[in-house]
Amino acid sequence: EITEGQIEANEEVVNNQSNPIERNAALLRPSTQSSSGLANASNAVNGINDGNVTQYLPPSITGEEQNPWWQTNLGRNTSIREVRIWRVTNKPVSQTLEQIQVIVYDENDNQVWQSSPLFPNESSPNPIIVPVGISGSKVRIQKYGTLDPQCRETFSFDGFSEYESCYRPLELVEVEIIETVTPPAGSGFGTSTIPTNPNGNVGAGSGQQTGGASVAM
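**Considerations on empty space enclosed by the protein**
Summary: where empty space remains is shown by rolling a probe the size of a single water molecule over the atoms. Going through the model one piece at a time under the given rule, you end up with one cavity of 30 Å³ or more. When its volume is computed, the largest cavity comes out at roughly 50 Å³. Lining the largest cavity, in full, are Asn43, Asn46, Ile48, Asp50, Val53, Leu57, Pro58, Pro59 and Val173. For the lining of the largest cavity, a count of residues per class yields six nonpolar, two polar and one charged.

**Observations regarding the layout of surface pockets**
The calculated volume of the largest pocket comes to roughly 160 Å³. Together, Leu38, Ile61, Glu64, Lys91, Gln95, Thr96, Cys151, Arg152, Arg168, Pro169 and Glu171 line the largest pocket. Looking at the lining of the largest pocket, the elements that each hand over two or more residues are helix H3 (93-96) and strand E8 (148-157). The residue inventory of the lining of the largest pocket, partitioned by class, reads four nonpolar, two polar and five charged.

**Considerations on the pattern of salt bridges**
By the definition in use, this model includes 10 salt bridges. Between Arg84 and Glu82 there is a salt bridge; the shortest N-O distance is 2.7 Å. Judged by its relative accessible area of 14%, Arg84 falls in the buried class. The salt bridge involving Lys91 is made with Glu171; its shortest N-O contact spans 3.0 Å. Here Lys91, found in the loop between strand E4 (69-86) and H3, pairs with Glu171, found in strand E10 (residues 171-172); they are 80 residues apart in sequence, far enough to count as distant. The class for Lys91 is partly exposed, based on a relative accessible area of 31%. Linked through salt bridges whose partners overlap, the residues forming this network are Glu22, Arg81, Glu82, Arg84 and Glu176.

What counts as what
- Within any chain, residue numbers begin from 1 and follow the written order of that chain's sequence.
- For this predicted model, a pLDDT threshold of at least 70 governs which residues receive local features, and a threshold of 80 or more governs which side-chain atom pairs are given and counted, while totals over whole chains, interfaces and linings are taken from all residues.
- Side-chain calculation: all heavy atoms of the structure are included, whereas hydrogens and water are not.
- Using protein atoms alone on a 1 Å grid, points that fit a 1.4 Å probe yet trap it form a cavity, whereas open point sets bounded by protein on both sides within 12 Å along at least five of seven lines form a pocket; residues with an atom within 4 Å of a point count as lining.
- Grid points are joined across faces, edges and corners, and a volume is the space filled by probe spheres set on the points.
- The classification used treats Ala, Val, Leu, Ile, Met, Phe, Trp, Tyr, Cys and Pro as nonpolar, Asp, Glu, Lys and Arg as charged, and all other residues, Gly among them, as polar.
- The helix count covers DSSP runs of H or I at least four residues long, the strand count covers runs of E at least two residues long, and both are numbered beginning at the N terminus.
- Basic side-chain nitrogens of Lys or Arg form a salt bridge, by our definition, when they fall within 4 Å of a carboxyl oxygen of Asp or Glu.
- Whether a residue is buried, partly exposed or exposed follows from its accessible area with a 1.4 Å probe, protein chains only, as a fraction of its type maximum: under 20%, in between, or over 50%, in that order.

What follows is the structure in structure tokens.
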């Protein structure tokens with residue numbers, strides 16, 4: 001679990017990241033998910049982006065439900081340049097992500113932006129980069145699942161197997177919320193443009209700004 005001391009130290013950690021003109025605003029921030037699974041929501045903001053997950057280094061994992069979600073609270077209104085989603089690489093993407101969408105909320109829990117639906121697969125770049133370009137204080141990764149008729153094996157004998165159906169959990173290795181930081185005057189850093197999407201993105205398309213409809217959080 002993330003302690004209050006870690007949260008308070010976040011600003012110092014973030015300010016010392018290698019790139020002086022961008023900041024991961026989600027690092028060590030309080031995070032929640034729609035249901036309790038095999039691993040905590042905080043695993044997706046711990047700074048570890050190794051997609052080869054194990055029981056000793058798990059991603060965030062929700063419970064088995066149709067439309068699970070994961071969300072982080074940035075603690076302030078933040079100018080979000082992009083969201084980087086690091087996926088599990090030693091499981092099929094059809095199980096861990098399937099179809100997802102990035103949603104941004106303001107400090108009053110009003111939805112202000114949502115991405116186009118994303119359909120990542122095994123050949124997708126890692127991280128998946130979703131350009132945003134709007135301010136918000138909470139970011140949600142929403143999964144839209146379909147029922148898997150062979151989710152788990154319940155019986156096996158002499159070459160015959162029976163299965164039961166279920167929805168697969170949402171699993172996230174790391175979620176980075178990137179904000180652009182203006183270097184202080186005289187810092188020696190220019191204003192050259194950083195590529196918005198150096199690794200390409202997966203069907204992100206253009207997101208859309210949404211009106212102030214309040215949602216249950």
